[in-house]
Amino acid sequence: MREWARKGAGLLGPRHGRHAVSADQLDALALPIGDDGVVIGVDSEGQPAVLGLNRPTPYDVVFIGGLWTAQVIALRAAATGARVAVETGRPQSWMQMVHAMGGGQNGLAVYDVGRVPPQGTSAGTPVLVIRDCGMRPPRGRVASGPWQSVLTLLPYLSPVAPRLIRQARLVGVQRISPDEAAELGRTMALPQAVSGSLPTLPDGVTLWCADRDRQYVTTQPTDAEIGLLGTPRRMD
């Protein structure tokens, strides 16, 4: 046996000083939690835009936009290992996805409005609940919690939108009318340049807002997503 290997110890590697901290320093260490997010597209610089849905704290998202983007998010969340529960008044719009994913056995299940059962979430089995309940989603039993995020899909700016936006940690907006853009600008205190851009957003582009951070994201589908859902579109 050569000198650079030791029995039972593998190859001899480079020598580094040992890394150690005292017990008093342990509180200063922080480990990233929930950084394995869902790639929802690319930003204005072409860099991946990641949405961290799997969190140990409650996380509410309001998405004012099209079903196509919400379904892409659902597919990609399931691909990361999350279970997706869809509460919807139009189950037929989700059945193609359910069948493509194995009849609900591979991470996506569809329920009628008000019929979503407890999901039994944990760090190992995070859940994304998508509420596709129309313009006025009812106050349901589904709520965000540890390892359970809730995304509420609104096709347009509805009368309940201001309340939902105030409760949300993240808001996504796709193309809306000039009147809706002006109203949303007042509700969210958006700069004029930002609210003025909303009526002209192309299909597949979303403005994501969290506190004072704003980012335009373009969702670029894969070939498999196009085969299942078609090309990006704002209208359903």
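So, how was this worked out
- Residues numbered from 1 in each chain as written.
- Predicted model: local features only at pLDDT ≥ 70, side-chain atom pairs only at ≥ 80, totals over all residues.
- Heavy atoms only, no water.
- Helix = DSSP H or I, 4+ residues; strand = E, 2+ residues; numbered from the N terminus.
- Buried < 20%, exposed > 50% of the residue type's maximum accessible area, 1.4 Å probe, protein only.
- Contact = heavy atoms within 4.5 Å.
- Areas by Shrake-Rupley, 256 points an atom, 1.4 Å probe, with all protein chains shown as cover.
- Arc of directions from axis to C-beta.
- Phe/Tyr/Trp six-rings, centres within 6.5 Å; stacked < 30°, edge-to-face > 60°.

A. Representation of the overall build of the protein within the structure. What the protein contains, in helices and strands, is six helices and twelve strands. The burial tally for the protein puts 43% of its 236 residues in the buried class. Residue pairs in contact within the protein that sit at least 24 positions apart in sequence constitute 62% of those at least 6 positions apart. Within the structure as shown, the protein displays about 13100 Å² of accessible surface, and the carbon and sulfur contribution to it stands at 53%.

B. Focus on helix H4 (residues 178-188). Taken together, the buried positions of H4 are Glu180, Ala181, Leu184, Gly185 and Met188. Buried positions in H4, seen along its axis, are confined to an arc of 140 degrees and lie on one side of it. Exposed residues pointing more than 90 degrees away from the buried face of H4 are listed as Asp179 and Arg186. Those residues of H4 that are buried lie in contact with strand E5 (59-64), helix H3 (161-167), strand E10 (170-173), helix H5 (192-197) and strand E11 (205-210). Ala189 sits one or two positions beyond H4 and adopts a positive phi of about 55 degrees.

C. Summary view of the side chain of Ser195. Mapped onto the secondary structure, Ser195 falls in helix H5. Not counting chain neighbours up to four residues away, the residues in contact with Ser195 comprise Ala181, Gly185 and Leu190.

D. Representation of the environment of Val110 within the structure. Within the secondary structure, Val110 sits in strand E7 (residues 108-111). C-alpha of Val110 to C-alpha of Arg90: the two residues are 20 residues apart in sequence and 9.7 Å apart in space. Excluding residues that lie within four positions of it along the chain, Val110 makes contacts with Val86, Thr88, Pro91, Trp94, Met95 and Val98.

E. How the structure looks around the packing of aromatic side chains. Per the counting criterion, the structure on display carries one aromatic pair. Measuring from ring centre to ring centre gives 5.7 Å for Phe63 and Trp208, while their planes differ by 15 degrees; the resulting arrangement is stacked. Highlighted residues: Phe63 in strand E5 and Trp208 in strand E11, separated in sequence by 145 residues. Judged by its relative accessible area of 0%, Phe63 is buried.

F. Geometry of unusual backbone geometry. Its identity as a non-glycine residue notwithstanding, Ala189 has a phi of 55 degrees, on the positive side. Tracing the chain through its elements places Ala189 in the loop between H4 and H5. On the basis of relative accessible area, Ala189 is assigned to the exposed category, the value being 59%. Backbone geometry at Asp211 places phi at a positive 55 degrees, although glycine is not the residue there.

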